[in-house]
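Per-entry structural report
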Amino acid sequence: MTGSQDQSESIRIAHLTMLQGVISRMGANSFTLKALSATFGSAAVAVTASSDNPSVYYAVAAIVPILIFWLMDAQYLRYERAYRNLYDHVRKGEEIDAYSLNAAPFMKDIKSVFIIALSWSVSLFYVAILVSFGLVVYLILKGA
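Quick summary incoming for the structure in this document. Everything numeric here is computed off the predicted structure, so don't read it as measured data.

This paragraph deals with the packing of aromatic side chains. On inspection of all chains with the given rule, the structure shows three aromatic pairs. On the basis of an interplanar angle of 85 degrees and a centroid distance of 6.5 Å, the ring pair of Phe-40 and Phe-69 is categorised as edge-to-face. In this pair, Phe-40 sits in helix 1 (residues 3-50) while Phe-69 sits in helix 2 (residues 56-91), placing the two residues 29 residues apart along the sequence. For Phe-40, a relative accessible area of 35% gives the class partly exposed. Taking the relative accessible area as the measure of exposure, Phe-69 reaches 16% and is therefore buried. Centroid distance Trp-70 to Tyr-126: 5.6 Å. Interplanar angle 10 degrees. Geometry classified as stacked. Remark: Tyr-126 occurs in helix 5 (residues 120-143) and Trp-70 occurs in helix 2; sequence separation between them is 56 residues.

Written out as C-alpha coordinates, the structure is:
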(Lines give C-alpha, C1' and ligand atoms only; values in the text may rest on other atoms or scores of the structure.)
Protein backbone atom coordinates (compact mmCIF):
# COMPACT_ATOMS: atom_id res chain seq x y z
CA MET A 1 0.00 0.00 0.00
CA THR A 2 1.16 3.49 -0.71
CA GLY A 3 1.14 6.28 1.83
CA SER A 4 -1.98 7.78 0.25
CA GLN A 5 -3.82 4.45 0.44
CA ASP A 6 -2.76 4.00 4.08
CA GLN A 7 -4.03 7.47 4.93
CA SER A 8 -7.29 6.87 3.05
CA GLU A 9 -7.82 3.58 4.89
CA SER A 10 -7.13 5.16 8.29
CA ILE A 11 -9.61 7.96 7.48
CA ARG A 12 -12.22 5.36 6.53
CA ILE A 13 -11.64 3.41 9.75
CA ALA A 14 -11.92 6.60 11.82
CA HIS A 15 -15.10 7.51 9.94
CA LEU A 16 -16.57 4.06 10.64
CA THR A 17 -15.66 4.42 14.32
CA MET A 18 -17.44 7.77 14.50
CA LEU A 19 -20.53 6.33 12.83
CA GLN A 20 -20.53 3.35 15.18
CA GLY A 21 -20.52 5.80 18.10
CA VAL A 22 -23.56 7.59 16.68
CA ILE A 23 -25.36 4.29 16.12
CA SER A 24 -24.56 3.20 19.69
CA ARG A 25 -25.93 6.46 21.08
CA MET A 26 -29.14 5.99 19.09
CA GLY A 27 -29.57 2.54 20.62
CA ALA A 28 -28.83 3.89 24.11
CA ASN A 29 -31.36 6.68 23.65
CA SER A 30 -33.97 4.17 22.52
CA PHE A 31 -33.31 2.06 25.61
CA THR A 32 -33.59 5.15 27.82
CA LEU A 33 -36.97 6.00 26.32
CA LYS A 34 -38.19 2.47 27.05
CA ALA A 35 -37.00 2.78 30.65
CA LEU A 36 -38.65 6.19 31.03
CA SER A 37 -41.89 4.86 29.61
CA ALA A 38 -41.97 1.94 32.03
CA THR A 39 -41.08 4.24 34.94
CA PHE A 40 -43.70 6.77 33.96
CA GLY A 41 -46.37 4.07 33.68
CA SER A 42 -45.41 2.66 37.07
CA ALA A 43 -45.50 6.11 38.64
CA ALA A 44 -48.95 6.76 37.18
CA VAL A 45 -50.20 3.46 38.61
CA ALA A 46 -48.75 4.40 42.00
CA VAL A 47 -50.44 7.81 41.93
CA THR A 48 -53.74 6.26 40.92
CA ALA A 49 -53.51 3.57 43.59
CA SER A 50 -52.54 5.97 46.38
CA SER A 51 -55.19 8.56 45.58
CA ASP A 52 -58.11 8.88 47.95
CA ASN A 53 -60.39 9.39 44.97
CA PRO A 54 -58.88 7.49 42.00
CA SER A 55 -59.95 8.79 38.63
CA VAL A 56 -59.69 7.55 35.06
CA TYR A 57 -58.18 10.94 34.22
CA TYR A 58 -54.93 9.88 35.91
CA ALA A 59 -54.68 7.02 33.44
CA VAL A 60 -55.50 9.20 30.45
CA ALA A 61 -52.90 11.74 31.56
CA ALA A 62 -50.29 8.95 31.77
CA ILE A 63 -51.08 7.45 28.36
CA VAL A 64 -50.20 10.61 26.43
CA PRO A 65 -46.50 10.71 27.48
CA ILE A 66 -46.18 6.95 26.92
CA LEU A 67 -47.47 7.41 23.36
CA ILE A 68 -45.01 10.27 22.84
CA PHE A 69 -42.15 8.08 24.12
CA TRP A 70 -43.33 5.39 21.68
CA LEU A 71 -43.08 7.76 18.71
CA MET A 72 -39.74 9.14 19.88
CA ASP A 73 -38.38 5.60 20.20
CA ALA A 74 -39.53 4.83 16.66
CA GLN A 75 -37.85 8.01 15.41
CA TYR A 76 -34.55 7.01 17.07
CA LEU A 77 -34.81 3.61 15.39
CA ARG A 78 -35.49 5.34 12.06
CA TYR A 79 -32.38 7.49 12.44
CA GLU A 80 -30.35 4.48 13.56
CA ARG A 81 -31.33 2.64 10.37
CA ALA A 82 -30.28 5.63 8.25
CA TYR A 83 -26.91 5.77 10.02
CA ARG A 84 -26.48 2.04 9.47
CA ASN A 85 -27.02 2.63 5.75
CA LEU A 86 -24.44 5.43 5.82
CA TYR A 87 -22.09 3.08 7.71
CA ASP A 88 -22.51 0.41 5.01
CA HIS A 89 -21.70 2.89 2.26
CA VAL A 90 -18.54 4.02 4.04
CA ARG A 91 -17.61 0.39 4.80
CA LYS A 92 -17.88 -0.53 1.13
CA GLY A 93 -15.65 2.42 0.21
CA GLU A 94 -18.38 4.23 -1.71
CA GLU A 95 -18.06 7.94 -2.34
CA ILE A 96 -18.97 9.63 0.96
CA ASP A 97 -17.28 12.77 2.26
CA ALA A 98 -14.67 11.92 4.87
CA TYR A 99 -16.04 12.17 8.42
CA SER A 100 -19.53 13.05 7.17
CA LEU A 101 -22.28 12.30 9.67
CA ASN A 102 -25.05 13.45 7.36
CA ALA A 103 -27.55 10.60 7.17
CA ALA A 104 -30.26 12.75 5.53
CA PRO A 105 -29.71 11.26 2.04
CA PHE A 106 -30.46 7.82 3.48
CA MET A 107 -33.67 8.84 5.28
CA LYS A 108 -35.73 8.54 2.08
CA ASP A 109 -35.00 4.80 2.02
CA ILE A 110 -36.30 4.29 5.58
CA LYS A 111 -39.97 3.71 6.38
CA SER A 112 -41.99 6.42 8.13
CA VAL A 113 -41.89 6.82 11.88
CA PHE A 114 -45.48 5.56 12.18
CA ILE A 115 -44.77 2.35 10.28
CA ILE A 116 -41.67 1.76 12.42
CA ALA A 117 -43.73 2.47 15.56
CA LEU A 118 -46.08 -0.34 14.54
CA SER A 119 -43.27 -2.80 13.79
CA TRP A 120 -42.94 -5.73 16.17
CA SER A 121 -39.57 -4.57 17.51
CA VAL A 122 -41.06 -1.35 18.87
CA SER A 123 -44.77 -1.98 19.30
CA LEU A 124 -44.58 -5.14 21.42
CA PHE A 125 -42.89 -3.29 24.27
CA TYR A 126 -45.25 -0.31 24.27
CA VAL A 127 -48.39 -2.39 23.74
CA ALA A 128 -47.34 -4.53 26.72
CA ILE A 129 -46.79 -1.38 28.81
CA LEU A 130 -50.17 0.08 27.82
CA VAL A 131 -52.08 -3.18 28.30
CA SER A 132 -50.56 -3.89 31.71
CA PHE A 133 -51.01 -0.26 32.72
CA GLY A 134 -54.64 -0.31 31.58
CA LEU A 135 -55.35 -3.58 33.37
CA VAL A 136 -53.86 -2.39 36.66
CA VAL A 137 -55.67 0.95 36.49
CA TYR A 138 -58.92 -0.87 35.67
CA LEU A 139 -58.50 -3.11 38.70
CA ILE A 140 -57.70 -0.11 40.91
CA LEU A 141 -60.73 1.83 39.69
CA LYS A 142 -63.01 -1.21 39.91
CA GLY A 143 -61.93 -1.82 43.49
CA ALA A 144 -62.44 1.82 44.44
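Here the focus is the nonpolar core. Among the nonpolar cores identified, the biggest contains 25 residues, and Ala-82, Tyr-83, Leu-86, Ile-116, Val-122 and Tyr-126 are the most heavily contacted of them. Only helix 1, helix 2, helix 3 (104-107), helix 4 (113-117) and helix 5 provide two or more residues apiece to this core. When residues in this core are grouped by element, the largest group, nine residues, is from helix 2. Apart from the residues within four sequence positions on either side, Leu-86 is in contact with Leu-19, Ile-96, Ser-100, Leu-101, Asn-102, Ala-103 and Phe-106.

Put simply, the largest pocket is a space of about 210 Å³. Residue lining of the largest pocket: Ser-8, Ile-11, Arg-12, His-15, Val-90, Gly-93, Glu-94, Glu-95, Ile-96 and Ala-98, and that is the complete set.

Another aspect to go through is the packing of helix 2 against helix 5. Closest axis-to-axis distance for the helix 2/helix 5 pair is 10 Å, and the angle between their directions is 175 degrees. By the angle between their directions, the pair helix 2 and helix 5 is classed as roughly antiparallel. Contact residues: Val-56, Ala-59, Ala-62, Ile-63, Ile-66, Leu-67, Phe-69, Trp-70, Asp-73, Leu-77 and Arg-81 in helix 2; Ser-121, Val-122, Ser-123, Tyr-126, Val-127, Ile-129, Leu-130, Phe-133, Val-137 and Leu-141 in helix 5.

What follows is about the pattern of salt bridges. With the rule as written, the count across this model stands at four salt bridges. The salt bridge involving Arg-91 is made with Asp-88; its shortest N-O contact spans 3.5 Å. Here Asp-88 and Arg-91 lie together in helix 2, a separation of three residues that amounts to about one turn. When its relative accessible area of 42% is taken as the criterion, Arg-91 is described as partly exposed. For Asp-88, a relative accessible area of 31% puts it in the partly exposed group.

A few words on the environment of Thr-48. Relative to the helices and strands, Thr-48 is located in helix 1. For Thr-48, a relative accessible area of 0% translates into the label buried. Sequence separation between Thr-48 and Val-137 is 89 residues, and the spatial gap between their C-alpha atoms is 7.2 Å. Beyond its immediate chain neighbours, meaning those up to four positions away, Thr-48 contacts Pro-54, Tyr-58 and Ile-140.

Thresholds applied
- The written sequence of each chain sets the order in which its residues are numbered from 1.
- Local features in this predicted model are restricted to residues whose pLDDT is 70 or higher, and side-chain atom pairs enter the listing and the counts only when it is 80 or higher, whereas totals over whole chains, interfaces and linings include all residues.
- Computation of side-chain values covers all heavy atoms of the structure but excludes hydrogens and water.
- Pairing of aromatic rings covers Phe, Tyr and Trp, the last through its six-membered ring, and needs centres within 6.5 Å; plane angles under 30 degrees mean stacked, over 60 mean edge-to-face, and all others mean tilted.
- Numbering of helices and strands runs from the N terminus, with a helix taken as a DSSP run of H or I at least four residues long and a strand as a DSSP run of E at least two residues long.
- Note on exposure labels: buried denotes an accessible area under 20% of the residue type's maximum, exposed denotes more than 50%, and partly exposed covers the range between, all computed with a 1.4 Å probe on protein chains only.
- Here, nonpolar core means buried Ala, Val, Leu, Ile, Met, Phe, Trp, Tyr and Cys residues that are tied together by side-chain atoms lying within 4.5 Å of each other.
- By the convention used here, residues are in contact when the closest approach between their heavy atoms is within 4.5 Å.
- Two kinds of site are reported from a 1 Å grid over the protein atoms alone, namely cavities, where a 1.4 Å probe fits but cannot get out, and pockets, open sets with protein on both sides within 12 Å along at least five of seven lines, and residues are called lining when an atom falls within 4 Å of a point.
- Grid points are joined across faces, edges and corners, and a volume is the space filled by probe spheres set on the points.
- Axis lines are fitted through C-alpha atoms, for helices just across the contact stretch, and the angle between N-to-C directions can take any value from 0 to 180 degrees.
- Just so you know how the angles are binned, under 35 degrees is roughly parallel, over 145 roughly antiparallel, 65 to 115 roughly perpendicular, and the rest oblique.
- In the sections that follow, a salt bridge refers to a side-chain nitrogen of Lys or Arg positioned within 4 Å of a carboxyl oxygen of Asp or Glu.

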